[in-house]
Amino acid sequence: MRHLERRLALLCAAAGVLLVFIAASLLLVEGHMSPAVSYTLLAGIALLIGYAVLDPAAAMDLVRSRQARFGSLSVIVTAVAIGILVTFNVLASRSTASVDLTKARLYTLSEKSTLITRRLGADLAVTGFFRPDQQDSQRRVQGLLSLYQQQSGHVKVHYLDPDLNALQARQLGVTIPGSLVLQYRGKPPLVLTLASQTESDVTGAILRLESNRTPTVCWAAGEGERGLTDSDQVHGYSVAAEEIKSNNYQTRELLLSQQGQVPADCDVVALIGLRTALNENAVKALTDYLGGGGKLMLALDPWNFQPLASVNSVLAPYGVSFSGGLVVEGDAAHSASNDPTTPVAFDYGSSPIVKDLQGKYVFFPQTTRITGQATSATESQVVRSTDKAYEIAQPRQSFGREGADKGGPFVLMDTLSLKQSSGRETRLVLFGTSAIAENRTLPPSAAGANSDLLLGSLDYLSEQEGLIGISPKPPSAAPLALTDQQARFTFLTTVVGVPLLFLLGYLAVWLRRRSTYA
């Protein structure tokens, strides 16, 4: 019975020392004597008193007997060492300091993001609208935004449930749950959907909010083009209009057929979905505008032959043209589900427009191809179909491939740039479809990156490539999601089980030595 009491007393001493260290570490972290600290400390002291009560002779021997002091102290020193390790682990878990050892610096902001964040001159309010079932997405965003918060105290982040705060969400322009809203210096808020919440997207949004320039996009009208006020759920452009406005652009209509020249304050001219031929005034206005270093975004549709010749006459000096045929994508992996007339792109060329689109996909509904090869201009073929694609030159009911159909690959999106003698640079962005930014291709109707492609094109044309963002980092390993039961088991195993295993091991060694020398 005496041996059992001594062993129990020694176990109380080791556990008591360990609990005292845990209480001390909790006190350092919380900064005050909370109930958790008090209870842990009292439990540790009680166990130490229990040690003295159960085996008073051993407690006295710690001071008087060298052999007892050596045996008992070995166990207590072990408890002290474990206590120190627990203290360091608790302190480390509460600290924001971290070291990124990954080769691609996956968990560290880039130098550009760091500089941009540190130069914030006012509070940047970031509001995340996440539902309870979007906790994984929210945790991922929290991890990213915490890196920005470490760089600047101006970054203020909070999260709201979009269902409980529906009015505020609508006022800020949130249409789908899981969106981030950035507000800065009274400017219109910027909304980032779930598909656009990478470091590049956030840094680009901050840059856009900091910019003092508001470029003007002159949206051509009068020849049946796509209008920004069209709110049709499928073919309208009203969502694109909101995207353009919220990203620090202003728009105005441009009646090319009635003007002999493009106004000087047009930073970009957008000619989207022309239905009738351009008249001489419009062709001359566009030709002169581009010859003087203008910027043009041009989108034409397949089987739309009436405006084809006039549009291609504007492009003639640059060596490219639209074919007018319909491209059908023969590779099911590169087309929309059950719709081969809608190619899906996720491989891109070297243009800065798509610098942030790696790993994202873009829809090209009912597209024609861009032919020819640039002569004096610098060309970048941004999006191409696969070699399984084919072109149907003339309208027909069946989309199956026939012998006369030309085979791919085809250029579906192209950019051209040419330095003029005046020092200005002409820039063109060509799309083989005017549906590139219609309502059905943009959130919340679609989850692709068509809105990013549209804004990236405008940023490129308005010579604001810095707003497009930074090169994306390679994908990181997905975090391991644990259930509450698994999390508790892991906690008990690592925080309690492992230290206890070491303690029992040392206790067993001590008891064996004690019995040997007895």
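Note that the coordinates shown come from a computational prediction; the quantities given were computed from them, not determined experimentally.

1. Observations regarding the pattern of salt bridges
- Per the counting criterion, the structure on display carries 18 salt bridges.
- Across the pair Arg252 and Asp265 runs a salt bridge, and its minimum N-O distance is 2.7 Å. Note that Arg252 is positioned in strand β6 (residues 250–255) and Asp265 in the loop between β6 and β7 (268–272), a separation of 13 residues in sequence.
- Among the charged side chains, a salt-bridge network with shared partners connects Asp201, Lys360 and Asp452.

2. Description of the packing of aromatic side chains
- Applying the stated rule across the entire model yields four aromatic pairs.
- Ring geometry for Tyr361 versus Phe363: centroids 5.6 Å apart, planes at 85°, classification edge-to-face.
- Here Arg427 stacks its cationic end above the ring of Tyr460, 4.5 Å away from the centre of that ring.

3. Overview of the sheet that holds strand β12 (residues 339–345)
- Read across the sheet, three strands follow the order β11-β12-β13 without closing on themselves; strand pairing throughout is antiparallel. Taken across any chain shown, the strands that pair with only one partner, and hence form the sheet edges, are β11 (335–336) and β13 (362–363).
- Where β11 meets β12, two bridges bridge the pair, whose relative direction is antiparallel. Within β12, the residue paired with Ala336 across the bridge is Asp339.

4. Let's talk about the nonpolar core
- Among the nonpolar cores identified, the biggest contains 38 residues, and Trp219, Met297, Phe364, Met413, Phe431 and Leu453 are the most heavily contacted of them.
- Not counting chain neighbours up to four residues away, the residues in contact with Met297 comprise Trp219, Val269, Ala270, Leu271, Ile272, Val429, Phe431, Leu454, Ser457, Leu458 and Leu461.
- Membership of the second largest hydrophobic core comes to 34 residues, among which are Cys266, Leu300, Tyr318 and Phe322.

5. Overview of the state of the cysteines
- Under the counting rule described, the total for this entry stands at one disulfide.
- Put simply, Cys218 and Cys266 are joined by a disulfide, and their sulfur atoms are 1.9 Å apart. Negative torsions about the S-S bond denote left-handed disulfides, and the value of about -85° found for Cys218 with Cys266 makes this one left-handed. Remark: Cys266 occurs in the loop between β6 and β7 and Cys218 occurs in strand β5 (residues 216–221); sequence separation between them is 48 residues.

6. Some points on helix α6 (residues 135–151)
- Between its terminal C-alpha atoms α6 stretches 25 Å, which fits the 24 Å expected from 17 residues at 1.5 Å a residue.
- The complete set of buried residues in α6 reads Gln138, Val141, Leu144, Leu145, Leu147 and Tyr148.
- Summarising the contacts, the buried residues of α6 are in contact with α5 (111–118), β1 (124–129), β2 (155–160), β3 (179–184) and α8 (199–210).

7. Side note on the environment of Ser398
- Within the fold, Ser398 resides in the loop between β16 (390–392) and β17 (406–407).
- Exposure remark for Ser398: the relative accessible area of 41% places this residue in the partly exposed category.
- Reaching out from Ser398, the side chain makes a polar contact with the backbone nitrogen of Gly400 at a distance of 3.3 Å.

8. Some thoughts on the sheet that holds β1
- Overall, mixed pairing links the four strands, which are arranged β2-β1-β3-β4 in an open sheet. Strand pairing shows two members of the sheet lacking a second neighbour, β2 and β4 (190–192), which therefore form its edges. Between one strand axis and the next, the sheet turns by 20° as a mean value, whatever way the strands run.
- Judged from the three bridges that link them, β3 and β4 form a sheet pairing that is antiparallel. By the bridge assignment for β4, Leu180 is matched with Leu192.
- Relative to β3, α8 is tilted by about 30°, and along the sheet it contacts β1, β3 and β4.

9. Structural notes on a nonpolar patch on the surface
- Among the surface-exposed residues, Leu8, Leu11 and Leu504 lie close enough to one another that they form a single nonpolar patch of about 240 Å² accessible area.
- Among the structural elements, Leu504 can be located in helix α13 (residues 484–517).

10. Focus on the pairing of β1
- Most of β1 is tucked away, with five of its six residues classed as buried.
- The pairing of β1 with β3 spans six bridges and is classified as antiparallel. Bridge pairing in β3 places Ala125 opposite Gln183.
- Pairing analysis gives six bridges linking β1 to β2, with the strands arranged parallel. In the strand pairing of β2, Leu124 is matched with Val155.
- In the classification by handedness, the crossover that spans β1, the intervening α6 and the parallel β2 is right-handed.

The rules behind each value
Residues numbered from 1 in each chain as written. Predicted model: local features only at pLDDT ≥ 70, side-chain atom pairs only at ≥ 80, totals over all residues. Heavy atoms only, no water. Salt bridge = Lys/Arg side-chain N within 4 Å of Asp/Glu carboxyl O. Helix = DSSP H or I, 4+ residues; strand = E, 2+ residues; numbered from the N terminus. Phe/Tyr/Trp six-rings, centres within 6.5 Å; stacked < 30°, edge-to-face > 60°. Lys NZ or Arg CZ within 6 Å of the ring centre and 35° of its normal. Pairing = 2+ DSSP bridges. Core = buried A, V, L, I, M, F, W, Y, C linked by side-chain atoms within 4.5 Å. Buried < 20%, exposed > 50% of the residue type's maximum accessible area, 1.4 Å probe, protein only. Contact = heavy atoms within 4.5 Å. Disulfide = S-S within 2.5 Å. Expected span 1.5 Å × (residues − 1). Polar contact = N/O pair within 3.5 Å; in protein donor to acceptor, adjacent residues only side chain to side chain. Axes fitted to C-alpha atoms, helices over the stretch in contact; angles between N-to-C directions. Patch = residues over 30% accessible without salt bridge, like charges linked within 9 Å, V, L, I, M, F, W, Y side chains within 5 Å. Areas by Shrake-Rupley, 256 points an atom, 1.4 Å probe, with all protein chains shown as cover. Right-handed = clockwise from strand over helix to strand, strands pointing away.

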